[in-house]
Amino acid sequence: FLEKIQKRRTDVCNSVAKFKFNKKRVRVLSKAEEFPDDSDGVVYWMSRDQRVQDNWALLYAQRLALKLELPLYVVFCLVPKFLDATIRQFGFMLKGLAEVEKECRELGISFHLLMGEARTVLPNFVKKNNIGGVVTDFSPLRTPTKWVQDMAKELPQEIPFCQVDAHNIVPCWEASPKLEYSARTIRTKIHNVLSEYLTEFPPVVKHPHKVKAMPEPVDWDAAHKFLEVDRSVGEVEWATAGTAAAYSTLESFCTQRLKYFSSERNDPNKPALSNLSPWIHFGQISVQRCILMVKMFKSRFKDGADAFIEEAVVRRELADNFCFYNEHYDSIKGAYKWAQDSLDAHRGDKRPYIYTRQQLEDAKTHDDLWNAAQVQMVREGKMHGFLRMYWAKKILEWTESPEQALAEAIYLNDKYNLDGRDPNGYVGCMWSICGIHDQGWAERAVFGKIRYMNYNGCKRKFDVPGFVRKYRKK
Ligand code: FAD
Ligand code: FO1
């Protein structure tokens, strides 16, 4: 599987220097566009896309470094806290970065883990190593966006600084120049240009231009000590961090689950999902790679492949579009007017149950299916996609207000899911609780026109007692 992928890259071309790089993936963030003459290196400031191969940002940085005959540095700036991430997510991320460090060393690329926000640690690194230009990757979320904006201010003005969307197949700013209403409106825009962007990747090659001295190995213990996070959340057994494990998950998906993906992906008792979201969230695998691989199986499993492309391309890029163009992407204020008005009109409706954050977190509601879904998320770090909708909608029904419901859903989703703290998550919670990317439905108590889901609806779709038995609280 791995050899097949590596061969496909070198078949495309044996070096990114000769590859026709699609400039629409790049945004220049600085006034400066040219490297100062006496530069001693190029930096790729890695953040969202934490992998070496199949990474358009790293490929762009290497292409510049090869052209200017300069050494290449990859720098990751570790923050002590990130939204509600715990040791569970940071541990997974750091293990994946250790694999990046190893792969960089083998390619003669200098990998550095700096501790602190980029604006406090990266400008010094740039000066100390006389770096002539910085490339970074793209996330539409407000915290990473602020990191990039602050960096653009802190970097010396003569240093070119650019951003590459290495996460989406169609770059977010190319897919649409505005906030899209639903999957229906963005789908056509994406499919119209997909063939231009869904290309093979050239390989990141062994870098010929040497840094003065390769860095000391990263002190991963110091990195763990540096974190100021909740250390009580257990690590996840089923998912091994890193790109190698991501590839084997992709392989098992294509060979064993893709054929059921279309028909059984909404049944939490059936092994039909790709299970790729933790590695996709941390950028340890490229969605573009996943799609290229799934397409190789399309002749055998057409429905599965089409359904996967819809989810992993259209739905995922729609989530980035929402967070990129709507600053209130995690607030009721970010919902459509019809939804805000409808939730307001039912603000005074009596809630059938009211639960506190602690009761929700401890899976102590009256609903055994909801509790089982919560236990699955806490225990395995990944709640089944179909259940996330039911789970979030019940939180709307069982809390004082839509604002509180959204806050609880986001808090729990970000704290326990490995794939949390992601545009997909904010959109998932907003879709469930205030109907973004959805239409209005028959008006009812509490929900207003927000799409309703209930226990009996789940019983019609899958074996609820079977799922409850698996995740009963120990
Ligand atoms: P698969 O069904 O195999 O999908 C493959 C990939 O397609 C996913 O990894 C994801 O990148 C993308 N995808 C699938 N469904 C969606 C969707 N509805 N919207 C956007 N992209 C999608 N996804 C996250 O990545 N992080 C989250 O924190 C998250 N929270 C959610 C919260 C709620 C309330 C809801 C309703 C959905 C949430 N989702 C989230 C979307 C979806 O549930 C997960 O992406 C999916 O379950 C991840 O598991 P998988 O990779 O096995 O999914
Ligand atoms: N990005 C960083 O550049 N530095 C970090 O220390 C960091 C920690 C982190 C922890 C959990 C998590 O889910 C994401 C984290 N990210 C970090 C952000 C990530 O790279 C993406 O930018 C975000 O997930 C937004 O898409």
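Residues numbered from 1 in each chain as written. Chains lettered and ligands numbered in written order. Predicted model: local features only at pLDDT ≥ 70, side-chain atom pairs only at ≥ 80, totals over all residues. Heavy atoms only, no water.

### Concerning the nonpolar core
Then comes step 1: If you look at the biggest cluster of nonpolar residues, it comprises 116 residues, and the most contacted ones within it are Trp45 and Phe111.
Then comes step 2: With 9 residues, helix α2 (residues 56-67) is the largest single contributor of residues to this core.
Then comes step 3: Apart from residues no more than four positions distant in its own chain, Trp45 is found in contact with Val75, Cys77, Ala118, Leu122, Val134, Val135, Thr136, Asp137, Trp147, Val148, Met151 and Phe161.
Then comes step 4: Grouped together as the second largest cluster of nonpolar side chains are 53 residues, Leu360, Leu406, Tyr411 and Met453 included. (Core = buried A, V, L, I, M, F, W, Y, C linked by side-chain atoms within 4.5 Å. Buried < 20%, exposed > 50% of the residue type's maximum accessible area, 1.4 Å probe, protein only. Helix = DSSP H or I, 4+ residues; strand = E, 2+ residues; numbered from the N terminus. Contact = heavy atoms within 4.5 Å.)

### Some thoughts on the site of ligand 2
Then comes step 1: What surrounds ligand 2 is a group of 19 residues, the closest being Ser47, Cys77, Val79, His281 and Arg421.
Then comes step 2: Contact distances for ligand 2 include 2.9 Å between a nitrogen atom and a backbone N or O atom of Cys77.
Then comes step 3: Here an oxygen atom of ligand 2 and a side-chain polar atom of Arg421 are 2.7 Å apart.
Then comes step 4: Relative to its unbound accessible surface of 510 Å², ligand 2 loses 100% to contact with the protein. (Near = heavy atom within 4 Å. Polar contact = N/O pair within 3.5 Å; in protein donor to acceptor, adjacent residues only side chain to side chain. Areas by Shrake-Rupley, 256 points an atom, 1.4 Å probe, with all protein chains shown as cover.)

### Examining the UniProt feature "domain: Photolyase/cryptochrome alpha/beta" (unreviewed entry) in the chain
Then comes step 1: Per the UniProt entry, the sites bearing "domain: Photolyase/cryptochrome alpha/beta" (unreviewed entry) are residues 40-172 in this numbering.
Then comes step 2: Helix and strand shares over residues 40-172 are 43% and 20% respectively, and the end C-alpha atoms of the span are 32 Å apart. (UniProt positions renumbered as here; feature names shortened; annotations may be inferred.)

### A look at the packing of aromatic side chains
Then comes step 1: On inspection of all chains with the given rule, the structure shows 26 aromatic pairs.
Then comes step 2: Each ring, one from Phe253 and one from Phe261, has its centre 5.6 Å from the other, and the planes form 80 degrees; the classification is edge-to-face.
Then comes step 3: A relative accessible area of 0% means that Phe253 is categorised as buried.
Then comes step 4: Seen in terms of ring centroids, Phe447 and Tyr452 are 4.8 Å apart; in terms of plane orientation they differ by 85 degrees. Their pairing is edge-to-face.
Then comes step 5: Looking at Phe447, the relative accessible area reads 0%, which means it is buried.
Then comes step 6: Every member of this aromatic cluster is reached through a ring pair, and the members are Phe19, Phe21, Trp56, Tyr60 and Phe201.
Then comes step 7: Across from the ring centre of Tyr329, 4.4 Å away, lies the NZ or CZ of Arg142, which sits over that ring. (Phe/Tyr/Trp six-rings, centres within 6.5 Å; stacked < 30°, edge-to-face > 60°. Lys NZ or Arg CZ within 6 Å of the ring centre and 35° of its normal.)

### Details of the pattern of salt bridges
Then comes step 1: Tallied over the entire structure, the rule returns 31 salt bridges.
Then comes step 2: With a shortest N-O distance of 3.4 Å, Glu106 and Lys102 are connected by a salt bridge. Taken as a pair, Glu106 and Lys102 lie in helix α3 (residues 87-106) at a separation of 4 residues, close to a single helical turn.
Then comes step 3: Here Arg119 and Asp150 are joined by a salt bridge, their closest N and O atoms 3.3 Å apart. One end of the pair, Arg119, is in helix α4 (residues 118-128); the other, Asp150, is in helix α5 (residues 142-154), with 31 residues separating them in the sequence.
Then comes step 4: Residue classification places Arg119 among the partly exposed positions, given a relative accessible area of 35%.
Then comes step 5: Owing to a relative accessible area of 8%, Asp150 belongs among the buried residues under this scheme. (Salt bridge = Lys/Arg side-chain N within 4 Å of Asp/Glu carboxyl O.)

### Details of the pairing of strand β6 (residues 161-164)
Then comes step 1: Judged by which residues are buried, β6 turns out to be covered on both faces: Phe161 and Gln163 on one side and Cys162 and Val164 on the other are all buried.
Then comes step 2: With 3 bridges connecting them, strand β1 (residues 26-28) and β6 associate as antiparallel partners. Residue pairing across strands places Arg27 opposite Gln163, the latter belonging to β6.
Then comes step 3: Sheet topology places strand β5 (residues 133-136) next to β6; 3 bridges connect them, and they run parallel. Its bridge partner lying in β6, Thr136 is registered against Gln163.
Then comes step 4: Between β5 and its parallel partner β6, the chain crosses via α5, and the hand of that crossover is right-handed. (Pairing = 2+ DSSP bridges. Right-handed = clockwise from strand over helix to strand, strands pointing away.)

### Points about the state of the cysteines
Then comes step 1: Under the counting rule described, the total for this entry stands at 0 disulfides.
Then comes step 2: Looking at Cys429, it has no disulfide partner, and the nearest cysteine sulfur is the one in Cys434, 9.4 Å off.
Then comes step 3: What makes Cys429 buried here is its relative accessible area of 5%. (Disulfide = S-S within 2.5 Å.)

### Re helix α13 (residues 337-345)
Then comes step 1: All of the buried residues along α13 are Ala339, Ser342 and Leu343. One face of α13 carries all of its buried residues, which in axial projection span an arc of 100 degrees. Residues of α13 that are exposed and point more than 90 degrees away from the buried face comprise Lys337 and Ala345.
Then comes step 2: The secondary structure elements touched by the buried residues of α13 are α16 (385-397), α17 (402-416) and α18 (423-434). (Arc of directions from axis to C-beta.)

### Some points on the side chain of Asp419
Then comes step 1: Its place among the elements puts Asp419 in the loop between α17 and α18.
Then comes step 2: What Asp419 contacts, discounting residues up to four positions off in sequence, is Ser277, Pro278, His281 and Arg388.

### Looking at unusual backbone geometry
Then comes step 1: In this structure, Leu83 is a non-glycine residue whose phi angle is positive, near 50 degrees.
Then comes step 2: Residue position: Leu83 is located in the loop between β3 (72-78) and α3.
Then comes step 3: Its relative accessible area of 35% is what places Leu83 among the partly exposed residues.
Then comes step 4: The phi dihedral of Val446 is positive, around 65 degrees, even though this residue is not glycine.

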